[in-house]
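Topology and contacts: notes
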Amino acid sequence: ENPMVAIGASQDLAQVGTCILTECQVPLVKCLGNVKCAANLICLQTCASKSGEEEIDCQIRCGDLFENEIVGEFNKCAVSSKKCVPKREDDNSYPIPQNMVSNFNVENFQGQWFISAGL
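Once a new chain begins, its residue numbering starts again from 1 and follows that chain's sequence as written. Since the coordinates come from a predicted model, pLDDT governs what is reported: local features require at least 70, and pairs of side-chain atoms require 80 or more to be given and counted, while whole-chain, interface and lining totals use all residues. Hydrogens and water molecules were not included; the side-chain quantities draw on all heavy atoms of the structure.

1. A closer look at the packing of aromatic side chains
- Any Phe, Tyr or Trp ring, taking Trp's six-membered ring, that has another such ring centre within 6.5 Å forms a pair; planes under 30 degrees apart are called stacked, those over 60 apart edge-to-face, and the others tilted. Summed over all chains, the structure comprises 1 aromatic pair.
- Taking the centre distance of 5.4 Å and the plane angle of 20° together, the rings of Phe104 and Phe109 count as stacked.
- Categorising residues by exposure relies on relative accessible area from a 1.4 Å probe, with only protein chains included: less than 20% of the type maximum marks a residue as buried, more than 50% marks it as exposed, and the intermediate range marks it as partly exposed. For Phe109, a relative accessible area of 41% corresponds to the partly exposed category.

Right, dumping it as structure tokens:
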């Protein structure tokens, strides 16, 4: 493994941690006090040693295994609201389809949604 990649990854993790500690204190405390949410954080840490698709698959699996309202609240803060977790740049893995539906009503899709390929 390239040591510079490892250094960059550890710096990224330090920045994520600092952001979460300063920007998402209440959701973090709630998360640490909730068995499923704390297990989700531990699970996500195991994904850090993986790379590419394997890392993404691991993160999705953690989200599937350890999901509840408190996990959602923590993720909303850390990923969406405060953007502590950096988003991956679009690598065009999911190109815009040529034939788009012109009349799409989001109200037809009720229920729980998950972030499965970035934001």
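2. Regarding the state of the cysteines
- By convention in this document, the label disulfide applies to cysteine sulfur atom pairs within 2.5 Å. Inspection of the entire model under this criterion finds 5 disulfides.
- A sulfur-sulfur distance of 2.0 Å marks the disulfide that ties Cys19 to Cys84. One quick way to see it: the torsion about the S-S bond of Cys19 and Cys84 is about -65°, and its sign makes the bridge left-handed. Placement of the pair is Cys19 in helix H1 (residues 3-23) and Cys84 in the segment after helix H5 (69-81), with a sequence separation of 65 residues. Here Cys19 and Cys84 have matching classes, each one buried.
- Through a disulfide, Cys24 is tied to Cys77; the S-S separation comes to 2.0 Å. Handedness here is read from the sign of the S-S torsion; for Cys24 and Cys77, about -95°, the answer is left-handed. Linking Cys24 in the loop between H1 and helix H2 (25-32) with Cys77 in helix H5, this pair joins segments that are 53 residues apart in sequence.
- Among the residues examined, Cys77 registers a relative accessible area of 10% and is labelled buried.
- Numbered by position along the chain, the disulfide-linked cysteines of the protein chain connect as 1-10, 2-9, 3-4, 5-8, 6-7. Starting at the N terminus, helices and strands are each numbered in turn, a helix being any DSSP run of H or I of at least four residues and a strand any DSSP run of E of at least two.

3. Some details on H5
- The bend at a residue is defined as the angle formed between two axes, one fitted to the seven residues ending at that residue and one fitted to the seven starting there. At Asn75, H5 is deflected by roughly 30°, the largest bend along its length.
- Within H5, the full set of buried residues consists of Val71, Phe74, Cys77, Ala78 and Val79.
- Two N or O atoms count as a polar contact when they lie within 3.5 Å, although within protein this holds only if one can serve as hydrogen donor and the other as acceptor, and sequence-adjacent residues are included solely when both atoms are side-chain atoms. With a side-chain oxygen lying 3.0 Å from the backbone nitrogen of Ile70, the N-terminal cap of H5 falls on Asn68.
- Lys83, located one to two residues past H5, shows a positive phi value of around 55°.

4. Quick notes on the pattern of salt bridges
- We define a salt bridge as a contact between a side-chain nitrogen of Lys or Arg and a carboxyl oxygen of Asp or Glu at a distance within 4 Å. Under the counting rule described, the total for this entry stands at 2 salt bridges.
- Taking the shortest distance from any N to any O, the salt bridge between Lys82 and Glu23 comes out at 3.9 Å. In this pair, Lys82 sits in the segment after H5 while Glu23 sits in helix H1, placing the two residues 59 residues apart along the sequence.
- Note on Lys82: relative accessible area 42%, which makes it partly exposed.
- Given the relative accessible area of 40%, Glu23 is considered partly exposed.
- A salt bridge links Glu73 to Lys30, with the nearest nitrogen and oxygen atoms 3.1 Å apart. Of this pair, Glu73 sits in helix H5 while Lys30 sits in helix H2, placing them 43 residues apart in sequence.
- By relative accessible area, which is 40% here, Lys30 ends up partly exposed.

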